[in-house]
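# Structural overview
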Amino acid sequence: MEYSGILIAARPEAMDEVRRAVDGLEAFEVHRFHPEEGRMIAVQEAATNEASKEGLRRIQALPGVLFAELVYHLVDEHREPHEGE
């Protein structure tokens, strides 16, 4: 299982929409939300490195996102993905 911490910057007028979109993506959850700064931090759980990279690309492509960058990555070789992950 792989865990990624992603810093997301969005246009101020799009912050709420971007947050809902990220929370709506499978295997993502917004953990910190700072609309006054135009930033949020999301965590992704993925079964493979390729799935982690694809998740980051999906966020980068969301309307209103200025940038999204990987700031933390952990591979937990001892945890197996749950069914459906």
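This one's a predicted model, so the numbers in the text were calculated from it and none came from an experiment.

Before going further, it helps to examine the side chain of Ser4. Residue placement: Ser4 occurs in strand 1 (residues 2-10). With sequence-adjacent residues up to four places away left out, Ser4 is seen in contact with Ala42, Val43, Gln44, Ser52, Leu70, Tyr72 and His73.

Time to look at the nonpolar core. Of all hydrophobic cores here, the largest spans 17 residues; its most connected members are Ile6, Ile8, Val18, Val22, Phe28, Ile59 and Ala68. Mapped by element, the contributors of at least two residues to this core are strand 1, helix 1 (15-24), strand 2 (28-34), strand 3 (39-46), helix 2 (49-60) and strand 4 (65-75). Discounting residues that sit within four places of it in the chain, Ile6 has contacts with Phe28, Met40, Ile41, Ala42, Gln44, Leu56, Ile59, Ala68, Glu69, Leu70 and Val71.

We now examine helix 1. Of all the residues in helix 1, the buried ones are Met15, Val18 and Val22. The buried residues of helix 1 occupy an angular sector of 65° when the element is viewed end-on, so they sit on one face. What points out from helix 1, more than 90 degrees from its buried face, is the exposed set Arg20 and Gly24. For helix 1, the elements touching its buried residues are strand 1, strand 2, strand 3, helix 2 and strand 4.

Here we come to the sheet that holds strand 2. Read across the sheet, four strands follow the order 2-3-1-4 without closing on themselves; strand pairing throughout is antiparallel. Single-partner strands in this sheet number two, and they are strand 2 and strand 4. With direction set aside, neighbouring strand axes in the sheet form an average angle of 20°. Of the pairings in the sheet, the one linking strand 2 to strand 3 comprises six bridges and is antiparallel in character. Bridging across to strand 3, Glu29 finds its partner in Val43.

Glancing now at the pattern of salt bridges. A full pass over the atoms with the stated rule returns four salt bridges. Arg39 is the partner of Glu37 in a salt bridge, and the nearest nitrogen-oxygen pair spans 2.2 Å. By relative accessible area, which is 36% here, Arg39 ends up partly exposed. Between Arg57 and Glu54 there is a salt bridge, and its shortest N-O distance comes to 3.2 Å. Taken as a pair, Arg57 and Glu54 lie in helix 2 at a separation of three residues, close to a single helical turn. Assessed through its relative accessible area of 38%, Arg57 is described here as partly exposed. Relative accessible area serves as the criterion here: at 37%, Glu54 is assigned to the partly exposed category.

About the cut-offs
- Residues numbered from 1 in each chain as written.
- Predicted model: local features only at pLDDT ≥ 70, side-chain atom pairs only at ≥ 80, totals over all residues.
- Heavy atoms only, no water.
- Helix = DSSP H or I, 4+ residues; strand = E, 2+ residues; numbered from the N terminus.
- Contact = heavy atoms within 4.5 Å.
- Core = buried A, V, L, I, M, F, W, Y, C linked by side-chain atoms within 4.5 Å.
- Buried < 20%, exposed > 50% of the residue type's maximum accessible area, 1.4 Å probe, protein only.
- Arc of directions from axis to C-beta.
- Pairing = 2+ DSSP bridges.
- Axes fitted to C-alpha atoms, helices over the stretch in contact; angles between N-to-C directions.
- Salt bridge = Lys/Arg side-chain N within 4 Å of Asp/Glu carboxyl O.

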